[in-house]
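Okay, here's what each chain looks like letter by letter:
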Amino acid sequence: MRMVLFAALFAFAASALPARSAVLMPPETGYSATRIVKTGGNEIAGKVYSQGRNERWEMSVQGTRQVSILQHDAGRAFLYMPDMNMAMTMNTADAKKYGVSEVFTGIEAEEAGTEIVDGEETTRYRIPPTPKNGNTETMVWITDDGIPVKAEGEGSQGTFSMVLKDLKRAPQDASLFRLPDGVTPMTMPAGLPGMMQGGLPAMPLR
């Protein structure tokens, strides 16, 4: 199953440089919002924070709190579980094994027009289906300052969507994008992506 490990990775990677660019990267603008992801008949909603190409997404999966933290410039992703006070990490080299390196290196896309989404002026981008992304076609709506406010896609695993609600632009505290003091992350063990797919709504992207 060619799926991204964390649902949050998709929306984080699918943020844009200037509108005419065909390479999508994380935004520089600081913001917070509620992110709603639907896939495979499931829905997960949680608070997302983004600042300086770092992102934090807080969610509850089957009653368990989970926090994904992405540090784009450092090339790392963490999954933190507050109830167990433990975390796992994935660096750029690990990401390549699981096909999520696009989060750190950018995603090629085609500009497909403009549209107003929930009051926001956006540019619509098409990420074409390729063997690399699991032959999944994705549309992403991105604001002029690089915030992905909507995404839709369809592939072999079915349809999925992502929207941001209650978007607020403001600088975010740097502590949101670090693990708590005293938490030492473990390296992502082999086989975990398959386990995670049962709990998180993974996005087809590779």
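Up top is the structure these notes are about.
The rules behind each value
- Residues numbered from 1 in each chain as written.
- Predicted model: local features only at pLDDT ≥ 70, side-chain atom pairs only at ≥ 80, totals over all residues.
- Heavy atoms only, no water.
- Buried < 20%, exposed > 50% of the residue type's maximum accessible area, 1.4 Å probe, protein only.
- Helix = DSSP H or I, 4+ residues; strand = E, 2+ residues; numbered from the N terminus.
- Phe/Tyr/Trp six-rings, centres within 6.5 Å; stacked < 30°, edge-to-face > 60°.
- Lys NZ or Arg CZ within 6 Å of the ring centre and 35° of its normal.
- Salt bridge = Lys/Arg side-chain N within 4 Å of Asp/Glu carboxyl O.

(A) Up close: unusual backbone geometry. In this structure, Asp118 is a non-glycine residue whose phi angle is positive, near 55°. Asp118 gets classed as exposed once you look at its relative accessible area, which sits at 60%. Residues other than glycine seldom take positive phi values, yet Asp166 does so here, at roughly 55°. Tracing the chain through its elements places Asp166 in strand β13 (residues 158-169).

(B) Structural view of the packing of aromatic side chains. For the coordinates displayed, the defined rule picks out 0 aromatic pairs. The aromatic ring of Trp57 is capped on one face by Arg35, whose charged end is 5.1 Å from the ring centroid. The lysine or arginine in question, Lys150, covers the ring of Trp141, its NZ or CZ lying 4.4 Å from the ring centre.

(C) How the structure looks around the pattern of salt bridges. Overall, the coordinates contain 11 salt bridges when judged by the stated rule. Arg65 is the partner of Asp83 in a salt bridge, and the nearest nitrogen-oxygen pair spans 2.8 Å. With Asp83 in the loop between β6 (76-81) and β7 (86-91) and Arg65 in strand β5 (residues 64-71), this residue pair connects regions lying 18 residues apart in the sequence. Asp83 sits in the partly exposed class, given a relative accessible area of 47%. Assessed through its relative accessible area of 45%, Arg65 is described here as partly exposed. The salt bridge involving Arg126 is made with Glu110; its shortest N-O contact spans 3.0 Å. In this pair, Arg126 sits in strand β10 (residues 120-127) while Glu110 sits in strand β9 (residues 110-117), placing the two residues 16 residues apart along the sequence. Here Glu110 falls in the partly exposed class, since its relative accessible area comes to 40%. One salt-bridge network, held together by shared partners, links Glu28, Arg53 and Asp73.

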